[in-house]
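Residue-level structural notes
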Amino acid sequence: MAGSIDLVLGDITTLEVDAIVNAANPSLLGGGGVDGAIHRAAGPELLQECRFLGGCEPGEAKHTQGYRLPARWVIHTVGPIWHGGRRGEEETLRDCYRHSLLLAEELGATSVAFPSISTGVYGYPVERAVPVAVQEVRRHVEQATLPQRVVLVAFDERTHEAYRDALGG
Ligand code: ADP
């Protein structure tokens, strides 16, 4: 049976899921936005572990423990910086979702939550990013047994509405 896709408006750091995805920067050494919130909630051990990962390329994904988070793992992925759409941004964004989901599957995560990757500081237009996210998540849950539940987390009303439209109601 295909897994479920849920939509939540709120703070990803509070969610009781096996893994949360972090929209990180290539250094993996912390930043603002959702990255800052995840590091604050997880505690300083998260940064310690990230130092050993040696950074992350855009579109790739690496995992750490979740430390003080309710989530057991954090999957760090690096989204594309928006440059107008002609520099392979969409493909890189697809890779972020695809690789994060494959890593969640490998870890044995039954549930995973995603923030809206790249649509904050990285400037990817929400209306363009959301359909890409939904398409890649659907593709994965239709084919794979894990994760059984994917939660798409919107942090603001506009993103929430875009997800509601893309999910069809
Ligand atoms: P990026 O650099 O990939 O654009 P940002 O962290 O700037 O990453 O923003 C990505 C998305 O995460 C934005 O929609 C932002 O509003 C959202 N966000 C910020 N903090 C949180 C949080 N605590 N939980 C969920 N989403 C968040």
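So, here is what we can say about the structure in this document. Keep in mind that what you see is a predicted model, and the values were worked out from it rather than measured.

Reading guide: rules and limits
Residues numbered from 1 in each chain as written. Predicted model: local features only at pLDDT ≥ 70, side-chain atom pairs only at ≥ 80, totals over all residues. Heavy atoms only, no water. Helix = DSSP H or I, 4+ residues; strand = E, 2+ residues; numbered from the N terminus. Rg over C-alpha atoms; globule rule 2.2 N^0.38 Å. Buried < 20%, exposed > 50% of the residue type's maximum accessible area, 1.4 Å probe, protein only. Contact = heavy atoms within 4.5 Å. Areas by Shrake-Rupley, 256 points an atom, 1.4 Å probe, with all protein chains shown as cover. Lys, Arg positive; Asp, Glu negative; His and termini not counted. Charge placed at Lys NZ, Arg CZ, Asp CG, Glu CD. Core = buried A, V, L, I, M, F, W, Y, C linked by side-chain atoms within 4.5 Å. Near = heavy atom within 4 Å. Polar contact = N/O pair within 3.5 Å; in protein donor to acceptor, adjacent residues only side chain to side chain. 1 Å grid on protein atoms, 1.4 Å probe; cavity = no way out; pocket = protein on both sides within 12 Å on 5 of 7 lines; lining within 4 Å. Sits in = over half its atoms within 2 Å of the grid points. Nonpolar A, V, L, I, M, F, W, Y, C, P; charged D, E, K, R; others polar. Axes fitted to C-alpha atoms, helices over the stretch in contact; angles between N-to-C directions. Left-handed = near helix turned anticlockwise from the far one by under 90°.

**Examining the overall build of the protein**
The number of helices and strands found in the protein is five helices and six strands. Going from the N terminus to the C terminus, the protein shows its helices and strands as β-β-α-α-β-β-α-β-α-β-α. Here the C-alpha radius of gyration of the protein, 14 Å, is about what a compact globule of 169 residues would show, namely 15 Å. Along the longest, intermediate and shortest principal axes, the C-alpha atoms of the protein span 40 × 40 × 25 Å. When each of the 169 residues of the protein is scored for burial, the buried share is 48%. The contacts of the protein with a sequence gap of at least 6 include a subset with a gap of at least 24, amounting to 67%. Entry remark: accessible area of the protein is about 8,200 Å², with carbon and sulfur atoms responsible for 49%. Charge centroids of the protein, computed over 15 positive and 22 negative side chains, lie 3 Å from each other.

**A few points about unusual backbone geometry**
Here the residue pair L146 and P147 is connected by a cis peptide bond, since its omega of -10° sits within 30 degrees of zero. Mapped onto the secondary structure, P147 falls in the loop between helix 4 (126–143) and strand 6 (149–154). A positive phi is found at S118, a non-glycine position, where the angle reads about 75°.

**Some words on the nonpolar core**
With 29 residues, the main nonpolar core has Y97, V112, F114 and Y163 as its most contacted residues. Within the residue set of this core, elements represented by two or more residues are strand 2 (19–24), strand 4 (73–78), helix 3 (89–107), strand 5 (111–114), helix 4, strand 6 and helix 5 (157–167). In terms of residues, this core owes the most to one element, helix 4, which gives eight residues. The contact partners of Y97, leaving out residues within four places of it in the chain, are F114, P115, S116, I117, A133, E136, V137 and Y163. Judged by nonpolar contacts, the second largest core, of 18 residues, contains L15, L28, I38 and C50.

**With respect to the site of the ligand**
Close contacts around the ligand come from 16 residues, with D11, V34, S118, G120 and V121 the closest. Contacts to the ligand include V34, whose backbone N or O atom sits 2.8 Å from an oxygen atom. The backbone of G120 places a nitrogen or oxygen atom 2.8 Å from an oxygen atom of the ligand. Notes on the ligand: free accessible area 560 Å², of which the protein chains cover 90%. Taking a 2 Å distance to the grid points as the criterion, the majority of the atoms of the ligand fall inside the largest pocket. Among the residues making up the shell around the ligand, the classes are represented as eight nonpolar, six polar and two charged.

**Details of the packing of helix 3 against helix 4**
Across the interface, helix 3 lies against helix 4 with an axial gap of 9 Å and an inter-helix angle of 35°. The element helix 3 and its partner helix 4 pack so that their crossing is right-handed. Residue-level contacts link E90, L93, R94, Y97, R98, L101, L102 and E105 of helix 3 to A129, V132, A133, Q135, E136, V137, R139 and H140 of helix 4. Counted by class, the contact of helix 3 with helix 4 contains eight nonpolar, two polar and six charged residues.

**Regarding the environment of R138**
Along the chain, R138 falls in helix 4. Placed 29 residues apart in sequence, R138 and L167 show a C-alpha to C-alpha distance of 9.6 Å. The residues contacting R138, other than those within four sequence positions of it, are I5, A166 and L167.

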